[in-house]
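What the coordinates show
Take a look at the letters that make up each chain.
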Amino acid sequence: MDGNGRWARKRALPRHVGHRSGVKSVREIVETAAKRGVKYLTLFAFSSENFKRPRDEVSMLMALFLESLQREVEELHKNNVRLRCVGARDRLNLALTEKISAAEALTADNDGLTLVLAVAYGGRWDIVNSTRRIAERVAAGELDPDDIDETTVESGLELRDLPDPDLLIRTGGEKRISNFLLWNLAYSEMWFTDVLWPDFRQRDFDDALEFFGKRQRRFGSTPEQLEAVKC
Ligand code: FPP
């Protein structure tokens with residue numbers, strides 16, 4: 001969800017106004033995703049590296065996450081949304097981690113859209129954690145290094161129980177992954193748009209879905225092989 005700061009700067013407003021406006025896009029895109037039958041939506045709200053930002057901005061964002069959860073959780077629950085958070089919880093304050101745990105518990109049995117918020121998350125951090133778990137199992141004699149495969153690595157990742165993303169959307173004009181779901185995005189289609197996150201609305205999301213609908217997903221096969229499977 002990139003571009004909040006630039007959205008504010010274009011209007012000669014402080015950055016926090018951009019972040020607040022970004023919440024409106026979050027609401028609209030969550031609603032749209034649910035309406036369109038998307039089963040999993042992961043929002044990159046705050047990266048491991050975003051802690052390098054000025055202390056005021058970090059505190060403001062943490063307060064905004066807490067406030068948004070407090071305001072929206074009941075509504076999400078009513079709409080059968082299951083909420084999950086991924087990231088380094090030990091880097092978040094207690095009020096926020098408690099609210100996250102309560103929201104996850106409240107919505108755990110919902111079977112509509114699964115909304116994943118990535119907060120204090122980094123793709124490298126995720127892979128390092130998985131690697132550490134593997135090393136511990138090897139050291140304890142529970143796992144033979146020869147048996148380590150992709151499933152072993154996946155089983156230690158934050159999103160181990162969710163399918164890999166089909167589509168990555170990045171707003172704000174940059175064309176990079178910025179340490180998002182590095183492992184999970186291996187075969188994702190990618191949609192980059194110049195639209196700044198606070199301007200990103202239903203029609204923009206639908207443009208991304210239309211692009212996705214036209215992609216032929218080959219996962220390493222040839223087009224001819226895929227045609228043969230269809231016949
Ligand atoms: C990146 O834009 C955005 C963020 C680091 C924060 C994203 C947060 C929100 C959209 C607020 C609401 C989120 C939830 C989950 C309730 P930037 O600040 O890097 O923008 P810039 O590149 O234009 O400076």
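Everything below is about the structure printed above this text.
In this report, we go over the structure that sits alongside the text. All figures in this text were calculated on a predicted structure; none of them were measured in a lab. Sequence order as written defines residue numbering, which begins from 1 separately in each chain. Totals for whole chains, interfaces and linings use all residues, but because this is a predicted model, local features are given only for residues with pLDDT of at least 70 and pairs of side-chain atoms are given and counted only at 80 or more. Note: side-chain values were computed over all heavy atoms of the structure, leaving out hydrogens and water.

1. A few points about the overall build of the protein chain
For the record, the criterion: Per the convention used, a helix needs a DSSP run of H or I reaching at least four residues, while a strand needs a run of E reaching at least two, with both numbered from the N terminus. C-alpha atoms define the radius of gyration in this analysis, and the globule rule sets the expected value at 2.2 Å times the number of residues to the power 0.38. Note on exposure labels: buried denotes an accessible area under 20% of the residue type's maximum, exposed denotes more than 50%, and partly exposed covers the range between, all computed with a 1.4 Å probe on protein chains only. We call two residues contacting when some pair of their heavy atoms lies within 4.5 Å. Using a 1.4 Å probe, the Shrake-Rupley method yields the accessible areas, and only the shown protein chains count as cover for residues. We count Lys and Arg on the positive side and Asp and Glu on the negative side, and we leave His and both chain ends out. Note on charges: their place is set at NZ of Lys, CZ of Arg, CG of Asp or CD of Glu.
Counting its secondary structure elements, the protein chain contains 8 helices and 5 strands. Counting from the amino terminus, the protein chain carries its helices and strands in the arrangement α-α-β-α-β-α-β-α-α-β-β-α-α. At 19 Å, the protein chain has a C-alpha radius of gyration in line with the 17 Å of a compact globule built from 231 residues. Dimensions of the protein chain along its principal axes, counting C-alpha atoms only, are 55 × 50 × 35 Å. Within the protein chain, buried positions represent 41% of all 231 residues. At a minimum sequence separation of 6, the contacts of the protein chain that also span at least 24 residues come to 71%. For the protein chain, the accessible surface area stands at approximately 13,100 Å², while carbon and sulfur atoms represent 51% of it. Of the side-chain charges in the protein chain, 36 are positive and 38 negative, and the distance between the mean point of each set is 7 Å.

2. Considerations on the side chain of Thr114
Position of Thr114 among the secondary structure elements: in strand 3 (residues 114–121). Assessed through its relative accessible area of 3%, Thr114 is described here as buried. For Thr114, the residues in contact, after removing those within four places along its chain, are Lys39, Tyr40, Leu41, Arg82, Arg84 and Leu162.

3. As for helix 3 (residues 55–78)
Since the α-helix turns once every 3.6 residues, residues separated by three or four places project in the same direction. Defined as follows: In this scheme, a helix's expected span is set at 1.5 Å multiplied by one less than its residue total. What the bend at a residue measures is the angle between two axes, fitted to the seven residues ending there and to the seven starting there.
The end-to-end C-alpha distance of helix 3, which contains 24 residues, comes to 35 Å, matching closely the 34 Å that a straight helix rising 1.5 Å per residue would cover. In the structure, helix 3 departs most strongly from a straight axis at Glu72, where the bend amounts to approximately 45°. Of the residues flanking the end of helix 3, it is Asn80, one or two places downstream, whose phi is positive at about 65°.

4. Let's talk about the site of the ligand
Formally: By convention in these notes, a residue is near a molecule or strand provided one of its non-hydrogen atoms lies within 4 Å of it. Counted as a polar contact is a pair of N or O atoms within 3.5 Å, where, for protein atoms, one must be capable of donating a hydrogen and the other of accepting one, and residues adjacent in sequence contribute only when both atoms are in side chains.
In the region of the ligand, 18 residues are neighbours, and Asp2, Gly5, Arg6, Arg15 and Arg53 sit closest. For the ligand, an oxygen atom lies 3.0 Å from a polar atom in the backbone of Gly5. With respect to the ligand, the side chain of Arg53 contributes an N or O atom lying 2.7 Å from an oxygen atom. When the ligand sits alone it has 630 Å² of accessible area, and the protein chains cover 91% of it. At the level of elements, helix 1 (4–10), helix 2 (15–35) and helix 3 are the ones that each hand at least two residues to the shell around the ligand. Ranked by residues supplied to the shell around the ligand, first place goes to helix 3 with 4 residues.

5. Details of the environment of Thr42
Note that Thr42 resides in strand 1 (residues 40–47). Given a relative accessible area of 22%, Thr42 falls into the partly exposed group. Separated by 41 residues in sequence, Thr42 and Leu83 have C-alpha atoms that sit 10.0 Å apart. With residues up to four places along the chain from it excluded, the contact list for Thr42 reads Val116, Leu159, Phe180 and Leu181.

6. Some points on the sheet that holds strand 1
Where we set the bar: If DSSP finds at least two bridges between two strands, the strands pair. Fitted lines through C-alpha atoms give the axes, limited to the stretch in contact for helices. The angle between two N-to-C directions lies from 0 to 180 degrees.
Read from one edge to the other, the open sheet built from 3 strands follows the order 1-3-2, with strand pairing classed as parallel. Only two strands of the sheet have a single partner each, and these edge strands are strand 1 and strand 2 (82–86). Direction aside, the axes of adjacent strands within the sheet are offset by 20° on average. Here strand 1 runs beside strand 3; their pairing, made up of 7 bridges, is parallel. The residue bridging Leu41 from the neighbouring strand is Leu115, located in strand 3. Of the strands in this sheet, strand 1 and strand 3 are in contact with helix 2, which crosses strand 1 at around 160°.

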